[in-house]
Amino acid sequence: MENSISIKNNNSYINMLINQTFSILPLYEENGQCQILSQKIDNLFHRLNGFFKMNEFDSNTTLDILSFINELKDSDNHEEVRCCVLKVCSLLSRLKVVSE
C-alpha cells in the first residue's frame, strides 16, 4: 500500500513537472528570452535536479532532461525551444510508473 502511494505521489509530481516545463513554451512565444523565463528555467532545473537526487531514476534519462533544460537557457530560436520543451516532457513521461 505504501509503495502504491509513493508511486502515485511520484507520478503526480512528474505531471506537475511536465506542466511546468510545457508552460515555458507560451512564455517564450510571448516574450522571447527574458528575465522571467530565465528564472522559470532555473527554478525548474533545481526542482528536477532535487527530484532526481531523491529518487532512483535512470541516470542517462535524467542527464538528458537536465541537458535539455540547460539548452533552454541559451536558446534564442523558437524551433529549438519548442524541441527542447517537447523532449523534456516526453522524457519525464517515461519516468512515470504504471501501477498494476
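Counting starts from 1 at the beginning of each chain's written sequence and moves along it residue by residue. Two thresholds apply to this predicted model, a pLDDT of at least 70 for residue-level local features and 80 or more for giving and counting side-chain atom pairs, whereas whole-chain, interface and lining totals are computed over all residues. Side-chain figures throughout are based on the complete set of non-hydrogen atoms in the structure, without hydrogens or water.

Caption draft 1: Summary view of the side chain of Thr-61. Here a strand is any run of E in DSSP of at least two residues, a helix any run of H or I of at least four, and the numbering for each starts at the N terminus. If you trace the backbone, Thr-61 turns up in helix H4 (residues 59–74). Judged by relative accessible area, Thr-61 falls into the buried class, the value being 16%. Note on definitions: a residue-residue contact is assigned when non-hydrogen atoms from the two residues lie within 4.5 Å. Ignoring sequence-local partners within four residues, the contact set of Thr-61 consists of Leu-91 and Leu-95. We call a residue buried when its accessible area falls under 20% of the maximum for its residue type, exposed when it is over 50%, and partly exposed in between, using a 1.4 Å probe and counting protein chains only.

Caption draft 2: Local environment of the pattern of salt bridges. Any Lys or Arg side-chain nitrogen located within 4 Å of an Asp or Glu carboxyl oxygen qualifies as a salt bridge. For the structure on display, the rule yields two salt bridges. Note that Asp-42 is salt-bridged to Lys-73, the shortest N-O span being 3.1 Å. Here Asp-42, found in helix H3 (residues 35–54), pairs with Lys-73, found in helix H4; they are 31 residues apart in sequence, far enough to count as distant. Since its relative accessible area comes to 28%, Asp-42 is described here as partly exposed. Look at Lys-73 and you get partly exposed, because its relative accessible area is 33%. Here Arg-82 and Glu-79 are joined by a salt bridge, their closest N and O atoms 4.0 Å apart. A residue pair is termed a helical-turn pair when its members lie 3 or 4 positions apart in one helix, as Arg-82 and Glu-79 do in helix H5 (residues 78–95) at three residues.

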